Amino acid sequence: MMNKKVMIIGGVAGGASTAARLRRLDENIDIILLERGNYVSFANCGLPYYIGDVIEDREALFVQTPEEINKRFNIDIRVKNEVIGIDRDQKEVDVRNLITNETYKEPYDTLVLATGSSPIKPPIPGIDSPNVFTLWNVHDTDNIKNFIINKQPKKAVVIGGGFIGIETAENLHALGMKVSVIEMLHQVMAPLDFEMSEIVHQNIRAQGVNLHLGDGVSKLDHKDGVTTVILQSGKRIHADMVILSIGIRPNSKLAQNAGLQINERGGIVVDEYLRTSYDKNIYAIGDVIEVTEFISKNKTMIPLAGPANKQGRICANNICGAEEKYKGTQGTSIVKVFDLSVATTGINEKILKRLGMKYKKDYLTALIYTKSHAEYYPGANPMAIKVILNHYGNILGAQIIGQDGVDKRIDVIAASVRLGGTVYDLKELELAYAPPYSSAKDPVNMIGFVGENILKGLTDVVHWKSIEQFKREGYLLDVRDIDEYLDGHIEGAEHIPLNDLRSNLDNIPKDKKIIVYCKGGLRGYIAERYLKQNGFNDVSNISGGYVFHNYKLFSDDI
């Protein structure tokens, strides 16, 4: 009896994980991995840092070579072999050897599509100029690295403000280039809501990187080694090199040509066991597939390395007889932006609004400005946390920005979400505390406290975008200390420091809506509670305080 033959098309995160797990489960399966590129297992997320010389050794990018994988796992690895067709009836694929240009047929019992995605190159005039690059694989990285070494560019433009675009901009800046980032949307990093992205914008600009938001590229004009990037607004930016980071599209042409179901964005449709819709002998994983968004349960595309690795493991388990479900992608991610860490999990307000949900009616938000560890211990840095919740306290999403400790906070919240936790659970979590690492009330606990207060009606928060309306209709009260007030305040605000509030009640009108604020929200909340218990019925607190209204969370002068 012949051994079962599993063929995997594509390596890197999903394909390599599937192959390794298969071998650990069954020594007798024949495993073939076909990869059209030169490399089957490399650190895709490390590529920008190699360009910026943070990772100095190119070989460190390679997790394992084909030879190492073959020796360790007895897997037939064939690089530079491109699958050009799938015959589902005959259960075989057509393969082109890219070295010899010869084609051959290879049969399979089970097929795994891990074909990944490719960077989008829109039909913009001049986009094929010799100093315009994409950054997606080792070949792209080598081209960029060689160009920098040989041409020594001084000015760079990065088109696209997603995670890879921002990481690339940072690393080019670290090499001494003058960098401009162009983003067609009005913010970078789409998983963030606007008030959180403004923190990132401020930080990027503070590093000397030019941001052009809400402005797309209409043309690239290359002449004498310099490319002029012409924006839709008419602005012209000169660059010695241009990096395209506009987005990606799934490599699903093989699946489409084989008659497998594809969604409107080109993603392969799979069931909860990662099997393709029309052929249960074919699985698909990674960037190329449509996934269920964990919170909303809607279908979407979320290309992340962590989920791809987990899908590879589940896929291998199921090929070996398990019936393990992939329960959806939560979208937990983190990125370094100069001295900040920016992290998200779940869904944001923009997605909720696209789903037809309305603030207060369908969901609420909690926003705090705190410190990464005990403030009295040296090195405590600012941290902004936003949590989106429903009226039952279920966490729909979270966003965190700070200089340290961001990763562990987003991971705690992400784990809570995955396990069905609520903001009530966040306030009860017993988290490790010592002054160098946290506070007795960890920031995760604090956002839980705030969420609980909102849900129980102990505080009525208003957001930065509503302040202009309230300034016209209500009484704006600044309860910070005098030096803070003089250093900057919301125009039209009256000033009564929190410690003087009890002796100044007669100076506050009871017939107007009162909006209180402090620096980060805590003192405003204390003032709100005191006023409400002393005959002032219509009192609200600005969510996140003055720093969110002014977007200067990480400035030394606030």
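Described below are features of the structure shown in this document.

Calculation criteria
Residues numbered from 1 in each chain as written. Predicted model: local features only at pLDDT ≥ 70, side-chain atom pairs only at ≥ 80, totals over all residues. Heavy atoms only, no water. Helix = DSSP H or I, 4+ residues; strand = E, 2+ residues; numbered from the N terminus. Expected span 1.5 Å × (residues − 1). Buried < 20%, exposed > 50% of the residue type's maximum accessible area, 1.4 Å probe, protein only. Pairing = 2+ DSSP bridges. Axes fitted to C-alpha atoms, helices over the stretch in contact; angles between N-to-C directions. Contact = heavy atoms within 4.5 Å. Salt bridge = Lys/Arg side-chain N within 4 Å of Asp/Glu carboxyl O. Patch = residues over 30% accessible without salt bridge, like charges linked within 9 Å, V, L, I, M, F, W, Y side chains within 5 Å. Areas by Shrake-Rupley, 256 points an atom, 1.4 Å probe, with all protein chains shown as cover. Lys, Arg positive; Asp, Glu negative; His and termini not counted. Charge placed at Lys NZ, Arg CZ, Asp CG, Glu CD. Phe/Tyr/Trp six-rings, centres within 6.5 Å; stacked < 30°, edge-to-face > 60°. Lys NZ or Arg CZ within 6 Å of the ring centre and 35° of its normal. Core = buried A, V, L, I, M, F, W, Y, C linked by side-chain atoms within 4.5 Å. Left-handed = near helix turned anticlockwise from the far one by under 90°. Arc of directions from axis to C-beta. Polar contact = N/O pair within 3.5 Å; in protein donor to acceptor, adjacent residues only side chain to side chain.

**A few points about helix H6 (residues 194-206)**
Logical step 1: The terminal C-alpha atoms of H6, which comprises 13 residues, lie 18 Å apart, in line with the 18 Å expected from a rise of 1.5 Å per residue.
Logical step 2: Inspection of H6 places Glu195, Met196, Ser197, Glu198, Ile199, Val200, His201, Asn203 and Ile204 among the buried residues, and these make up the whole buried set.
Logical step 3: Residue glycine 208 follows H6 closely and has a positive phi angle near 95 degrees.

**Let's talk about the sheet that holds strand E23 (residues 364-371)**
Logical step 1: Across the sheet, which stays open at both edges, the 5 strands sit in the order E21-E22-E25-E24-E23 with antiparallel pairing between neighbours. Two strands bound the open sheet, and with one partner strand each, they are strand E21 (333-337) and E23. Each strand axis lies, on average, 10 degrees off the axis of its neighbour in the sheet, ignoring direction.
Logical step 2: Relative to strand E25 (residues 395-402), strand E24 (residues 382-389) runs antiparallel, the two being bridged by 7 bridges. Residue pairing in the sheet places methionine 383 in a bridge with glycine 402 of E25.
Logical step 3: Packed onto the sheet, H6 meets E21, strand E22 (340-346), E23, E24 and E25 and runs at close to 20 degrees relative to E25.
Logical step 4: Along the sheet face, helix H10 (residues 406-418) touches E21, E22, E24 and E25 and points at about 175 degrees away from the line of E25.

**Describing the pattern of salt bridges**
Logical step 1: Counted by the stated rule, this structure contains 29 salt bridges.
Logical step 2: One salt bridge connects arginine 480 with aspartate 478, and the closest N-O pair in it is separated by 2.8 Å.
Logical step 3: Residue classification places aspartate 478 among the buried residues on the basis of a relative accessible area of 0%.
Logical step 4: One salt bridge connects aspartate 538 with lysine 513, and the closest N-O pair in it is separated by 3.1 Å. Highlighted residues: aspartate 538 in the loop between helix H15 (522-532) and strand E30 (539-542) and lysine 513 in the loop between strand E28 (494-495) and strand E29 (514-517), separated in sequence by 25 residues.
Logical step 5: With a relative accessible area of 18%, lysine 513 lands in the buried category.

**Remarks on the sheet that holds strand E16 (residues 241-244)**
The pairing of strands in a sheet comes from backbone hydrogen bonds and takes either a parallel or an antiparallel form.
Logical step 1: Strand order in the open sheet formed by 5 strands is E9-E16-E10-E11-E12, and the pairing between neighbours is parallel. The open sheet terminates on both sides in strands that have one partner only, identified here as strand E9 (132-134) and strand E12 (210-213). The average undirected angle you get between the axes of adjacent strands in this sheet is 20 degrees.
Logical step 2: Where E9 and E16 come together, 3 bridges link them in parallel fashion.

**Re a negative patch on the surface**
Logical step 1: Among the surface-exposed residues, Asp481, Asp483, Asp487 and Asp500 lie close enough to one another that they form a single negatively charged patch.
Logical step 2: When you line up the elements, aspartate 481 lands in the loop between strand E27 (475-478) and helix H14 (482-487).
Logical step 3: A relative accessible area of 40% places aspartate 481 in the partly exposed class.

**Comments concerning the packing of aromatic side chains**
How two aromatic rings sit relative to each other is set out by the distance from centre to centre and by the angle between their planes.
Logical step 1: Counting across every chain of the model gives 4 aromatic pairs.
Logical step 2: Lying across the ring of tyrosine 50, lysine 145 places its NZ or CZ 4.6 Å from the centre.
Logical step 3: The aromatic ring of phenylalanine 294 is capped on one face by lysine 297, whose charged end is 4.3 Å from the ring centroid.

**Section: the nonpolar core**
Logical step 1: Within the largest apolar cluster, 45 residues are counted, with the highest numbers of intra-cluster contacts made by Ile86, Val93, Leu111, Leu113 and Leu274.
Logical step 2: Those residues in contact with valine 93 that lie beyond four places of it in its chain are Met7, Leu34, Val83, Gly85, Ile86, Tyr104, Lys105, Glu106, Tyr108 and Leu111.

**What about the packing of helix H1 (residues 12-25) against helix H8 (residues 305-319)?**
Logical step 1: Look at H1 against H8: their axes get within 8 Å of each other, and the N-to-C directions meet at 35 degrees. The two elements H1 and H8 cross, and the hand of that crossing is right-handed. When H1 is examined against H8, the residues Ala13, Gly14, Ser17, Thr18, Arg21, Leu22, Arg24 and Leu25 are found in contact with a partner set consisting of Ala305, Ala308, Asn309, Gly312, Arg313, Cys315, Ala316, Asn317 and Ile319.

**A look at the pairing of E25**
Logical step 1: The buried count for E25 comes to 8 of 8 residues, which makes it a mostly enclosed element.
Logical step 2: Pairing of E22 with E25 involves 6 bridges; the strand directions are antiparallel. Bridge pairing in E25 places valine 342 opposite isoleucine 401.
Logical step 3: Remark: 5 residues form the turn of the hairpin made by E24 and E25, two consecutive strands paired antiparallel; glycine 393 in that turn has positive phi of roughly 90 degrees.

**Considering the environment of proline 443**
Logical step 1: You can see proline 443 is positioned in helix H12 (residues 443-455).
Logical step 2: Distance from proline 443 to isoleucine 368, taken between C-alpha atoms, is 8.6 Å for residues 75 residues apart in sequence.
Logical step 3: In this structure, proline 443 is in contact with Ile368, Thr370, Lys371, Met383, Ile385, Arg409 and Ser438, ignoring residues within four places of it in sequence.

**Comments concerning helix H3 (residues 66-73)**
Logical step 1: Within H3, the full set of buried residues consists of Pro66, Ile69 and Phe73. Along the long axis of H3, the arc covered by the buried residues comes to 65 degrees, so they all point the same way. Facing away from the buried side of H3, by more than 90 degrees, are the exposed residues Glu67, Lys71 and Arg72.
Logical step 2: In this structure, the buried side of H3 is in contact with H1 and strand E3 (76-79).
Logical step 3: Residue asparagine 74 follows H3 closely and has a positive phi angle near 55 degrees.

**Comments concerning the side chain of asparagine 504**
Logical step 1: By secondary structure assignment, the location of asparagine 504 is in the loop between E28 and E29.
Logical step 2: Engagement of the side chain of asparagine 504 in a polar contact is seen with the side chain of serine 503, the distance being 3.4 Å.

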